[in-house]
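# Summary of structural features
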Amino acid sequence: NNSYNIKKETITVTTDGTGAATATSTAIYGEIIKVHYAKGTVNATTTAVSTITATTEQIDSLNVNIAANQITYPCIGLTGASAGDNKWTRFVVAGTVTVSVTGGAASKSFIVNIYYNG
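Here's what I pulled together on the structure shown here. (Residues numbered from 1 in each chain as written. Predicted model: local features only at pLDDT ≥ 70, side-chain atom pairs only at ≥ 80, totals over all residues. Heavy atoms only, no water.)

## Overview of the overall build of the protein chain
Across its full length, the protein chain carries zero helices and 11 strands. On the principal axes, the C-alpha backbone points of the protein chain span a range of 45 × 30 × 25 Å. With 118 residues in all, the protein chain has 38% of them scored as buried. A sequence separation of at least 24 residues applies to 74% of the contacts in the protein chain between residues at least 6 apart. Seen as two clouds, the 7 positive and the 6 negative side-chain charges of the protein chain have centres 9 Å apart. (Helix = DSSP H or I, 4+ residues; strand = E, 2+ residues; numbered from the N terminus. Buried < 20%, exposed > 50% of the residue type's maximum accessible area, 1.4 Å probe, protein only. Contact = heavy atoms within 4.5 Å. Lys, Arg positive; Asp, Glu negative; His and termini not counted. Charge placed at Lys NZ, Arg CZ, Asp CG, Glu CD.)

Here is the structure:
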């Protein structure tokens, strides 16, 4: 049975006067399918780094100032895989995701939508 229960978690990230920010999702339980970035009011280089809060595994890193909307499909290499193997899997989360920024556009907001199969 190939049933899917796609869910979306929205994280609003607002940088402070130094261009730094940290925002954490509510609990996510499932495989991350894609991440959508909406640049909001960002008007300068602002790199959002998303990690699984408990394990600090980096899911994604992206400059949200490139375009109004950007989508990534983050995956991780399987243990023992070699370059060119195409052995990838999705990130599995059982907890929260943290999005952080250092040295980004000051006092700006953007949105990170995480789509997951839960």
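So that's the structure; there's more coming.
## Notes on the sheet that holds strand 4 (residues 47–52)
Reading across the sheet, the four strands line up as 2-10-4-5 and stay open at both edges, with antiparallel pairing between neighbours. With partners counted over all chains shown, the strands left at the sheet margins are strand 2 (21–24) and strand 5 (58–63), one partner each. Within this sheet the neighbouring strands show an average axis-to-axis angle of 15°, counted without direction. Note: strand 4 against strand 5, five bridges, orientation antiparallel. Paired with Thr-51 across the two strands is Gln-58, which belongs to strand 5. (Pairing = 2+ DSSP bridges. Axes fitted to C-alpha atoms, helices over the stretch in contact; angles between N-to-C directions.)

## Here we look at the packing of aromatic side chains
Tallied over the full model, the rule gives zero aromatic pairs. Over the face of the ring belonging to Tyr-115 we find Lys-34, whose NZ or CZ atom lies 4.9 Å from the ring centre. (Phe/Tyr/Trp six-rings, centres within 6.5 Å; stacked < 30°, edge-to-face > 60°. Lys NZ or Arg CZ within 6 Å of the ring centre and 35° of its normal.)

## Looking at the environment of Val-93
Residue placement: Val-93 occurs in strand 9 (residues 92–95). We classify Val-93 as buried; its relative accessible area is 1%.

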